[in-house]
Structures are given as structure tokens and as C-alpha cells.
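What follows is each chain in one-letter form.
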Amino acid sequence: AIGDLTGMEIKAADTIALGTGAQGAKNKAIAIGREASAAEISDIALGAGAQAIGTRAVGADGKAIAIGTNAIANGLSSIAIGTDVGGGATVGTSNAWNIVIGTNSGRNVDGTRNIAMGERSGDNVVGHGNVAIGSLQTGVGVQGNNNLAVAAGGSFSGFNVKGTSNSAFGTNAGAFVEGTNNTSVGARAGYVANGDNNASFGSSAGHFVTGGANVA
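Reading the values: rules and limits
- Residues numbered from 1 in each chain as written.
- Predicted model: local features only at pLDDT ≥ 70, side-chain atom pairs only at ≥ 80, totals over all residues.
- Heavy atoms only, no water.
- Helix = DSSP H or I, 4+ residues; strand = E, 2+ residues; numbered from the N terminus.
- Buried < 20%, exposed > 50% of the residue type's maximum accessible area, 1.4 Å probe, protein only.
- Contact = heavy atoms within 4.5 Å.
- Areas by Shrake-Rupley, 256 points an atom, 1.4 Å probe, with all protein chains shown as cover.
- Phe/Tyr/Trp six-rings, centres within 6.5 Å; stacked < 30°, edge-to-face > 60°.
- Pairing = 2+ DSSP bridges.
- Axes fitted to C-alpha atoms, helices over the stretch in contact; angles between N-to-C directions.
- Polar contact = N/O pair within 3.5 Å; in protein donor to acceptor, adjacent residues only side chain to side chain.
- Patch = residues over 30% accessible without salt bridge, like charges linked within 9 Å, V, L, I, M, F, W, Y side chains within 5 Å.
- Salt bridge = Lys/Arg side-chain N within 4 Å of Asp/Glu carboxyl O.
- pLDDT = per-residue confidence, 0-100.

*Asks:* Describe the overall build of the protein chain, naming the residues involved and giving the relevant values.
*Replies:* Scanning the protein chain from terminus to terminus reveals zero helices and 23 strands. Counting across all 216 residues of the protein chain, residues that qualify as buried make up 48%. Sequence separation of at least 24 residues holds for 1% of the intrachain contacts in the protein chain that already meet a minimum separation of 6. Carbon and sulfur atoms provide 56% of the accessible area of the protein chain, an area that totals close to 9,400 Å².

So, in C-alpha cells, the structure goes:
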């Protein structure tokens, strides 16, 4: 332990804490940076205010990794990389194996195996296996499982989706969708849809769709 107020009340072995107020609380935990905190076994927190909170399931280690200023990895084997990422998640065994990479992304996530990559992507997600790749609100506000949103440099792809196995590719594609197995490909494709098994291909195709098995 190196630094003012570093490693106070350590009750662990093989722990490393570097920086003012840095804390490595459990065995093999590593905390580097001002007020960095590694709370569980094998957690790693690197950066000012970084927090790795790998709440353990029975017989399992924490193994959460947080890298970046104010990065927070909440949950078993979760990873948070970037500035101000991963905050607001519920601490507990219901959150695990989530991956967040990018500035201000992956915040307020409740679930498992969710992935958010890109600035301000993947916030406010409730569910499992959702993937958001892009920036500026991509995959934000999702409620459901196994939804995919991809926007190369775009925004609002897969925004505010409620359902399962929906896919959106492109800026503003597949936003405000409620249903299952809907696919939207192209800028603004599939924007506002309520139903199942709908497919929209092309710029602005399939707006305001209601019902099932429609192709635009």
C-alpha cells in the first residue's frame, strides 16, 4: 500500500493499493489511482475513482475489472473501461459478465452478459445478452433480451426497444420498437414498430409499422 490514506483496514493477502485513498479489500485485489477501490477477490481497479465491485456468487471470485476515471464494474466478472462508465448498476449476483467500453456508457444496467461499446451507448438497460455498438444513445433504454444495435458513428440505433431478439443496423434504425424478432437495416429503417417478425431494409423503410411479418 503506497499513498496517503491508502490500504486502510486491509484484511487480505496479496493485495496492491497505490494512490491516495486507494483500497484493495480482498485477496489478490489491485487498486491503483486516487480513491480507486477493488472490493472483491481478484478485482482490478485502475484510475482515479475507479471501482471494481465483483460481488461473488457461491464459490466464485469477484474478478471485476474497472479501468478509467470513475469507471465502475458492478457484478461478477464484469469489465468497465473508459471515463464515467458503468455507474448506477445494481450490486448483486443478478448483475454479472457485463462489458462496457467507452465514455459515459453502460450506466444503470441491470442484467447479465450485456455489452456496450461506444460513447453514451447501452445506458438504462434491463435484461440479458443485449449488445450496443455505436455512439450517442445507441442501444439505450432497452428492456428485454438478446437485442442488437449497431451504428457506425451514428446515433439512436436500437433506442428504447422493448422485446426480444430485435436487430437494428444504422443511424436511428430500429428505434422505439416493441416486439420480437424485428430486423431494421438502414438509416431510420424500422423506426417506431409494434409487432413481431417485421423486416425493414433501406433508408427510412418501414416507419410506423403495426402488426407482424411485414417486409418493407
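*Asks:* Let's hear about the packing of aromatic side chains: which residues, and what values?
*Replies:* For the structure shown, the criterion picks out three aromatic pairs. Ring geometry for F156 against F159: centres 5.1 Å apart, planes inclined by 70 degrees, an arrangement best described as edge-to-face. Overall, the relative accessible area of 17% leaves F159 in the buried class. Between F159 and F176, the aromatic rings sit 5.4 Å apart at their centres with planes inclined by 70 degrees, giving edge-to-face as the arrangement.

*Asks:* Residue-level account of the sheet that holds strand β3 (residues 30-32), with values.
*Replies:* Judged by pairing direction, the sheet is parallel, and its 12 strands sit side by side in the order β1-β3-β5-β7-β9-β10-β12-β14-β16-β18-β20-β22 without closing on themselves. Every interior strand has two partners, whereas the edge strands, β1 (16-18) and β22 (199-201), have only one. With direction set aside, neighbouring strand axes in the sheet form an average angle of 5 degrees. Bridge count between β1 and β3: three bridges; the pairing is parallel.

*Asks:* So what's going on with the side chain of N95? Residues and values would help.
*Replies:* Relative to the helices and strands, N95 resides in the loop between β9 (79-81) and β10 (99-101). A distance of 2.7 Å separates a polar side-chain atom of N95 from the backbone nitrogen of G111.

*Asks:* Could you give me a rundown of a nonpolar patch on the surface, with the residues and numbers involved?
*Replies:* A cluster of nonpolar residues, I67, I81, I101, M117 and I133, forms a patch on the protein surface that exposes about 340 Å² of accessible area. For M117, the position within the fold is in strand β12 (residues 115-117). By relative accessible area, M117 is classed as partly exposed at 35%.

*Asks:* An account of unusual backbone geometry is requested, with residue identities and associated values reported.
*Replies:* Phi is positive for W97, close to 60 degrees, though the residue is something other than glycine. As for its position among the elements, W97 is in the loop between β9 and β10. A relative accessible area of 37% places W97 in the partly exposed class. Even without being a glycine, R120 presents a positive backbone phi close to 55 degrees. Mapped onto the fold, R120 is located in the loop between β12 and β13 (126-128).

*Asks:* Please provide a residue-by-residue account of the confidence of the model for the protein chain, values included.
*Replies:* Mean pLDDT over the protein chain works out to 82, with 81% of the residues at or above the 70 mark. This stretch, residues 1-10, has a pLDDT under 50; its non-local contacts, to residues over four places away or in other chains, come to 25 contacts. Contacts for the low-pLDDT stretch residues 55-61, under 50 throughout, to residues beyond four places or in other chains number 17 contacts.

*Asks:* Which residues make up the side chain of N114, and what are the values?
*Replies:* Along the polypeptide, N114 turns up in the loop between β11 (110-112) and β12. Of the residues examined, N114 reaches a relative accessible area of 6% and is grouped as buried.

*Asks:* Could you give me a rundown of the pairing of strand β19 (residues 177-180), with the residues and numbers involved?
*Replies:* With burial as the criterion, only one face of β19 is covered, namely that bearing V177 and G179; the residues E178 and T180 on the opposite face remain uncovered. Relative to β19, strand β17 (residues 162-164) runs parallel, the two sharing three bridges. Bridge pairing in β19 links K162 to E178.

*Asks:* Talk me through the environment of A187; I want residue IDs and the actual numbers.
*Replies:* As for its placement among the helices and strands, A187 is situated in the loop between β20 (183-185) and β21 (193-194). Residue A187 is classed as partly exposed on the basis of its relative accessible area of 27%. In this structure, A187 is in contact with T171, G202, S203 and S204, ignoring residues within four places of it in sequence.

*Asks:* Would you mind going over the environment of R107 in detail, with residue names and values included?
*Replies:* Structurally, R107 can be placed in the loop between β10 and β11. In this structure, the C-alpha to C-alpha distance between R107 and I72, residues 35 residues apart in sequence, is 8.9 Å. In this structure, R107 is in contact with D84, V85, G86, G87, G122, D123 and N124, ignoring residues within four places of it in sequence.

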